[in-house]
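So the chains spell out like this:
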Amino acid sequence: MTAFCILPFLHVMLHQDGKIQTCCRGGELAHAYGSLQAEPFEKIWNGPAARSMRCALLEGNALPQCETCYREEAQGKASLRTTSLEQFKESLHLSATTAPDGTVPGEQLRYLGLRLSNHCNLRCRTCSPGSSSAWAQDGLALSGKNANNETTSLDEGKLWQTLTPLLPQLKQIYFAGGEPLLHKMHYRILEELLACGRTNLSLVYNSNLSVLKFQNWDISALWSRFRQVEVNVSFDGIFAQSDLLRNNSSWLQLEANFETLRRTLPGLHLKINPTASVMNAFHLIPALQYWIERGFLKNPGDLTLNILDFPRHFNLQILNLTERSRLKSELTRFLDKLAAKLNPEFHQSLVVELRPLLALCDSPVYFEAERQIFRTVTFKLDRLRKEKFVDHFPEHFGLLYE
């Protein structure tokens with residue numbers, strides 16, 4: 001059962017529009033089990049889509065919506081599937097309690113993912129209005145299509161009615177966004193967990209780390225009361241390059257916030273979680289070097305690198321063979337130099353994270369049409385934001401002006 005995943009037996013991902021999916025990795029292929037806008041959670045948890053997926057996995061079938069994990073594993077990288085099998089290995093027996101039709105007990109839910117809203121304060125170049133409310137005007141200018149709502153979130157009464165009975169049985173909650181540290185429901189959930197004495201529950205975040213205080217809440221004070229908190233920080237670069245890629249942010253403030261948490265919450269697991277796109281592919285080398293020198297990266301597991309798939313005009317496969325060869329050479333030299341400076345285990349963890357990036361350099365796939373789209377979108381964003389991408393990323397002069 002090499003394709004088996006434990007997540008459909010104990011986990012769901014709830015999105016801001018009320019849709020419920022298996023996990024956060026399936027993208028467009030991970031068709032929703034259902035929506036809280038149409039039916040209660042109990043019916044979705046054991047609805048036809050959820051039961052069908054469980055049965056397929058128990059039969060050992062590989063599923064198309066799990067392709068991202070399979071691809072990462074083929075590249076020698078740990079995937080959400082494999083890390084979940086290890087993290088929840090004490091729950092593997094739960095698959096045996098599954099009925100022949102794929103039904104599982106409601107109390108079996110252990111791990112909940114929450115995208116409470118698309119509300120965000122940043123306009124990252126790789127983002128879109130669906131994931132960041134701050135992107136609404138730029139999205140309209142680029143596409144000519146107006147988002148129905150700049151900020152989308154599920155009705156809080158309906159959400160709270162769904163969450164309240166689930167909180168006592170959960171072992172882990174994953175918060176994403178938008179920016180979860182800017183959503184009051186997130187803080188309300190933490191306060192409810194504290195009131196119930198659930199400080200042993202694990203909290204996992206994806207955050208831009210641009211704010212540590214929101215309204216009357218101080219996230220450091222709240223996190224200090226929980227036994228296990230992991231924050232995957234979405235840094236995509238350093239200094240001016242970071243400020244351009246993650247518009248509305250200040251690298252100096254992001255770095256100061258990272259340092260504050262590292263100093264005041266030594267038990268907090270801070271991980272750097274960049275998204276590798278065509279824009280920052282070369283810039284990742286000085287960024288990684290800086291994070292290592294600053295001690296932001298020092299242990300295996302401190303770095304998790306995402307490879308951007310969509311939109312395809314920001315995918316690394318718009319680079320031509322010459323550009324990819326140069327990127328591969330620079331990455332290889334960088335890793336070779338690090339080998340003499342870092343302990344072998346940490347160095348090997350970096351090699352594993354960068355391996356998919358190196359593999360793309362050798363890929364025969366070339367998105368030639370999207371290369372022109374990249375130029376069009378980049379120049380439009382430059383005009384809209386009064387920026388000049390090439391000034392900060394001169395390595396892409398040929399890509400923009402060939």
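Since we're looking at a predicted model, the values are computed, not measured.

Visitor: Would you explain helix 13 (residues 321–339) in this entry?
Guide: Given 3.6 residues per helical turn, the α-helix brings residues three or four places apart onto the same face. With 19 residues, helix 13 should reach 27 Å at 1.5 Å per residue; the first-to-last C-alpha distance of 27 Å fits that figure. For helix 13, every residue scored as buried is listed here: Glu 323, Arg 324, Leu 327, Leu 331, Phe 334, Leu 335 and Leu 338. Viewed end-on, helix 13 has its buried residues packed into an arc of 95°, placing them on one side of the element. Turned more than 90 degrees off the buried face of helix 13, the exposed positions are Leu 321, Thr 322, Asp 336 and Lys 337. Taken together, the buried residues of helix 13 touch helix 12 (284–293), helix 14 (344–361), helix 15 (368–385) and helix 17 (397–401).

Visitor: Whenever I open this one, the packing of aromatic side chains confuses me. Can you help?
Guide: When we look at a pair of aromatic rings, we describe it by the centre distance and by the angle of the planes. One pass over the structure, following the stated rule, counts 20 aromatic pairs. On the basis of an interplanar angle of 45° and a centroid distance of 5.8 Å, the ring pair of Phe 235 and Phe 258 is categorised as tilted. You can see Phe 235 sitting in the loop between strand 10 (228–233) and helix 10 (239–245) and its partner Phe 258 sitting in helix 11 (residues 251–264), a full 23 residues away along the chain. Across the pair, Phe 258 and Phe 235 agree in class, each one buried.

Visitor: Just checking my understanding: could you explain the environment of Phe 296 for this structure?
Guide: Secondary-structure assignment places Phe 296 in the loop between helix 12 and strand 14 (306–307). Separated by 43 residues in sequence, Phe 296 and Gln 253 have C-alpha atoms that sit 15 Å apart. In contact with Phe 296, other than residues within four places in its own chain, are Glu 255, Phe 258, Glu 259, Arg 262, Ile 272, Trp 291 and Asp 302.

Visitor: What's the story with the pairing of strand 10 in this structure? I'm lost.
Guide: It is a general feature of regular strands that their side chains alternate between the two faces of the sheet. Sheet topology places strand 7 (residues 202–207) next to strand 10; six bridges connect them, and they run parallel. When the sheet's bridge partners are listed, Asn 206 is paired in strand 10 with Asn 232. Sheet topology note: the strand 10/strand 12 (residues 269–272) ladder contains four bridges and is parallel. Looking at strand 12, one finds that Val 231 is bridged to Leu 270.

Visitor: Any chance you could explain the pairing of strand 1 (residues 11–14) here in plain terms?
Guide: Burial along strand 1 is two-sided: the face carrying His 11 and Met 13 and the face carrying Val 12 and Leu 14 are both buried. In terms of strand pairing, strand 1 meets strand 4 (residues 111–115) through four bridges, oriented parallel. Residue pairing across strands places His 11 opposite Tyr 111, the latter belonging to strand 4. Of the strand pairs in this sheet, strand 1 and strand 2 (residues 19–21) are connected by two bridges, and their pairing is antiparallel. The residue of strand 2 that forms the bridge with Leu 14 is Ile 20. Between strand 1 and strand 2, which pair antiparallel and follow one another directly, the connecting turn spans four residues, one of which, Gly 18, has a positive phi of 95°.

Visitor: Quick question: what am I supposed to make of the nonpolar core here?
Guide: Note on soluble globular proteins: their nonpolar side chains tend to be buried together. One finds Ile 173, Ile 189, Leu 203, Tyr 205, Trp 223 and Trp 291 to be the most contacted residues of the largest nonpolar core, which totals 126 residues. Setting aside anything within four residues of it in sequence, one finds Tyr 205 in contact with Tyr 174, Phe 175, Pro 180, Leu 181, His 186, Leu 190, Ile 219, Trp 223, Val 229, Glu 230, Val 231 and Asn 232.

Visitor: Just to check I follow, could you spell out the layout of surface pockets for this structure?
Guide: Gaps between atoms show up when a probe of the same size as a water molecule is rolled over them. Considered as a void within the structure, the second largest pocket measures approximately 230 Å³ in volume. Only helix 2 (41–45) and helix 7 (156–163) provide two or more residues apiece to the lining of the second largest pocket. Tallied by class, residues from the lining of the second largest pocket come to six nonpolar, four polar and three charged.

Visitor: Would you explain helix 6 (residues 136–143) in this entry?
Guide: Among all positions of helix 6, only Ala 136, Asp 138 and Gly 139 are buried. Buried residues of helix 6, seen end-on, are gathered within an arc of 165° and therefore sit on one face of the element. Packed against the buried residues of helix 6 are strand 5 (123–124) and helix 15.

Visitor: Is there a simple way to explain the environment of Ala 38 in this structure?
Guide: If you trace the backbone, Ala 38 turns up in the loop between strand 3 (34–35) and helix 2. Taking C-alpha positions, Ala 38 is 22 Å from Arg 54, a pair spaced 16 residues apart along the chain.

Visitor: Can you walk me through the state of the cysteines in this structure?
Guide: Disulfide: a covalent bond connecting the sulfur atoms of a pair of cysteines. On inspection of all chains with the given rule, the structure shows zero disulfides. Considering cysteine sulfurs only, Cys 66 is the nearest to Cys 55, which forms no disulfide, with 14 Å between them.

Visitor: Looking at this structure, how should I read the packing of helix 12 against helix 13?
Guide: The description of two helices packed together rests on the angle between their axes and the distance between the axes. For the pair helix 12 and helix 13, interaxial distance at closest approach is 10 Å and the crossing angle is 20°. Judged on the interaxial angle alone, helix 13 and helix 12 are roughly parallel. Crossing handedness for the pair helix 12 and helix 13: right-handed. Residues Ile 285, Leu 288, Gln 289 and Ile 292 of helix 12 form the contact with helix 13, whose participating residues are Glu 330, Leu 331, Phe 334 and Leu 338.

Visitor: Can you walk me through the environment of Pro 266 in this structure?
Guide: The residue Pro 266 is located in the loop between helix 11 and strand 12 in this model. When its relative accessible area of 70% is taken as the criterion, Pro 266 is described as exposed. Along the chain, Pro 266 and Val 278 lie twelve residues apart, while their C-alpha atoms are 34 Å from each other.

Visitor: For this particular structure, what's the right way to read the packing of helix 13 against helix 14?
Guide: Helix 14 packs onto helix 13 with a crossing angle of 170° between their chain directions and a minimal axis gap of 10 Å. Considering the angle they form, helix 13 stands roughly antiparallel to helix 14. Of the residues in helix 14, those touching helix 13 at Arg 324, Leu 327, Lys 328, Leu 331, Thr 332, Leu 335, Leu 338 and Ala 339 are His 347, Leu 350, Val 351, Leu 354, Leu 357, Leu 358, Leu 360 and Cys 361. For the contact of helix 13 with helix 14, the class distribution of residues is twelve nonpolar, two polar and two charged.

Visitor: Honestly, the side chain of Ser 84 in this entry has me stumped. Any pointers?
Guide: Secondary-structure assignment places Ser 84 in helix 5 (residues 80–87). Within the structure, the side chain of Ser 84 is placed 2.6 Å from the backbone oxygen of Leu 80, a separation counted as a polar contact. Among residues more than four places away in sequence, those in contact with Ser 84 are Ile 6, Leu 7 and Lys 89.

Rules used in this analysis
- Residues numbered from 1 in each chain as written.
- Predicted model: local features only at pLDDT ≥ 70, side-chain atom pairs only at ≥ 80, totals over all residues.
- Heavy atoms only, no water.
- Helix = DSSP H or I, 4+ residues; strand = E, 2+ residues; numbered from the N terminus.
- Expected span 1.5 Å × (residues − 1).
- Buried < 20%, exposed > 50% of the residue type's maximum accessible area, 1.4 Å probe, protein only.
- Arc of directions from axis to C-beta.
- Contact = heavy atoms within 4.5 Å.
- Phe/Tyr/Trp six-rings, centres within 6.5 Å; stacked < 30°, edge-to-face > 60°.
- Pairing = 2+ DSSP bridges.
- Core = buried A, V, L, I, M, F, W, Y, C linked by side-chain atoms within 4.5 Å.
- 1 Å grid on protein atoms, 1.4 Å probe; cavity = no way out; pocket = protein on both sides within 12 Å on 5 of 7 lines; lining within 4 Å.
- Points joined across faces, edges and corners; volume = space filled by probe spheres on them.
- Nonpolar A, V, L, I, M, F, W, Y, C, P; charged D, E, K, R; others polar.
- Disulfide = S-S within 2.5 Å.
- Axes fitted to C-alpha atoms, helices over the stretch in contact; angles between N-to-C directions.
- Parallel < 35°, antiparallel > 145°, perpendicular 65-115°, else oblique.
- Left-handed = near helix turned anticlockwise from the far one by under 90°.
- Polar contact = N/O pair within 3.5 Å; in protein donor to acceptor, adjacent residues only side chain to side chain.

All quantities given are derived from atomic positions and should not be read as evidence of function.
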